[in-house]
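Okay, here's what each chain looks like letter by letter:
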Amino acid sequence: MSKSIHTITSTAVPLDMENVDTDQIIPARFLKATSREGFGKNLFRDWKYENDDESKPKDFVLNDPTYKGQILVAAKNFGCGSSREHAAWAIKDAGFDVVVSSFFADIFKNNSLNNFLLPVTVSDDFLQKIFTAVKKDPSVLLTVDLPGQLISIASTGEKENFEINSYKKTCLLNGYDDIDYLLSMTKEIETFELEKH
């Protein structure tokens, strides 16, 4: 599983539904596993299949081969509901590196950042521009530039800046979890300790 994120240029999957909660992202019956792998196949499980039967796919955007890519574009208030890290695991395991929305639930946003899934918050207006562009042409490319904190739509040239915590940005750029980050600071810590004594 890729950890570090720099600049991602990809087509996108448009999930134009508001208030998508973590139980819809990954239903509770799939939370028994403790490893992060294998959750992707059950992402949005109840929306993908009739009566949990894989031979009966529903009319749902993730079942539509027209849309694919590393970027999931979601409507407002994505990731609300119960606090389950498995929601971020499932999205990442399904092949997404970025989720774009105009509002994320705080716990989901933090869980995503801790699992190398980049949540990009844009304005409502820019989100609608993305949905319009992707639905008009599913092959349109979006570019998410993490170093520059910029998201752009190739077909229109429109761009918008996004905010991210500087510590989490450093971790994502380097593929660090919290422990990796501390280990990367070993020399600085040792120098500080020596200067202190």
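Analysis parameters
- Here the residue numbering is sequential within each chain, running from 1 through the sequence in written order.
- Where local features are concerned, this predicted model is filtered to residues with pLDDT of at least 70; where side-chain atom pairs are given and counted, the filter is 80 or more; whole-chain, interface and lining totals use all residues.
- As a rule here, side-chain values come from all non-hydrogen atoms in the structure, and water together with hydrogens is ignored.
- Two strands pair under a simple rule: DSSP has to find at least two bridges between them.
- What counts as a helix is a DSSP run of H or I of at least four residues, what counts as a strand is a run of E of at least two, and both are numbered from the N terminus.
- Throughout, an axis means a line fitted to C-alpha atoms (over the contacting stretch in the case of helices), and angles, computed between N-to-C directions, take values from 0 to 180 degrees.
- Centres within 6.5 Å are what make two rings of Phe, Tyr or Trp a pair, Trp counting through its six-membered ring; a difference in plane orientation under 30 degrees is then read as stacked, over 60 as edge-to-face, and the rest as tilted.
- Categorising residues by exposure relies on relative accessible area from a 1.4 Å probe, with only protein chains included: less than 20% of the type maximum marks a residue as buried, more than 50% marks it as exposed, and the intermediate range marks it as partly exposed.
- Contact definition: two residues touch when any of their heavy atoms are within 4.5 Å.
- To qualify as a nonpolar core, a set must consist of buried Ala, Val, Leu, Ile, Met, Phe, Trp, Tyr and Cys residues joined through side-chain atoms within 4.5 Å.
- Any carboxyl oxygen of Asp or Glu within 4 Å of a side-chain nitrogen of Lys or Arg constitutes a salt bridge here.

This next bit is on the sheet that holds strand 2 (residues 12-15). Strand order across the open sheet formed by 4 strands is 2-5-6-7, with parallel pairing between neighbours. Edge positions in the sheet fall to strand 2 and strand 7 (118-121), since each of these pairs with one other strand and no more. Sheet twist, expressed as the average angle between the axes of neighbouring strands with direction ignored, equals 20 degrees. One ladder, built from 4 bridges, connects strand 6 (residues 98-101) with strand 7; its direction is parallel. Bridging across to strand 7, V99 finds its partner in P119.

Under the counting rule described, the total for this entry stands at 7 aromatic pairs. Relative to F60, the ring of F44 has its centre 5.8 Å away and its plane inclined at 65 degrees; by these criteria the two rings are edge-to-face. One end of the pair, F44, is in the loop between helix 1 (22-25) and helix 2 (45-48); the other, F60, is in the loop between strand 4 (53-57) and strand 5 (71-74), with 16 residues separating them in the sequence. Both residues of the pair, F44 and F60, count as buried. These aromatic residues form a ring-pair network of at least three members: F44, W47 and F60.

The 4 strands lie next to each other as 1-8-9-10, forming an open sheet whose pairing is antiparallel. Only two strands of the sheet have a single partner each, and these edge strands are strand 1 (7-10) and strand 10 (159-161). Averaged over all adjacent pairs, the angle separating strand axes in this sheet is 10 degrees, with direction ignored. As judged from the 4 bridges shared by strand 1 and strand 8 (residues 142-145), these two strands associate in the antiparallel manner. Note that in strand 8 the partner of S10 across the bridge is L142. Most of the contacts of helix 5 (residues 124-136) go to strand 9 (residues 150-153), to which it runs at about 40 degrees, and overall it touches strand 8, strand 9 and strand 10.

Right, let's talk about the nonpolar core for a bit. Core analysis: the largest hydrophobic core is formed by 55 residues, its most contacted members being F78, I91 and V100. With 6 residues, the top contributor of residues to this core is helix 5. Discounting chain neighbours no more than four positions away, the residues touching V100 are I71, L72, V73, A74, V120, V122, L127, I130 and I151.

The next subject is the pattern of salt bridges. Pairing between side chains of opposite charge can happen when the charged atoms of each approach one another. Applying the stated criterion across every chain, the model contains 10 salt bridges. Notably, a salt bridge pairs D52 with R29, separated by 3.4 Å at the nearest N-O pair. With D52 in the loop between strand 3 (49-50) and strand 4 and R29 in the loop between helix 1 and helix 2, this residue pair connects regions lying 23 residues apart in the sequence. Overall, D52 belongs to the partly exposed group, its relative accessible area being 33%. R45 is the salt-bridge partner of D52, the closest N and O atoms lying 2.6 Å from each other. Judged by its relative accessible area of 8%, R45 falls in the buried class.

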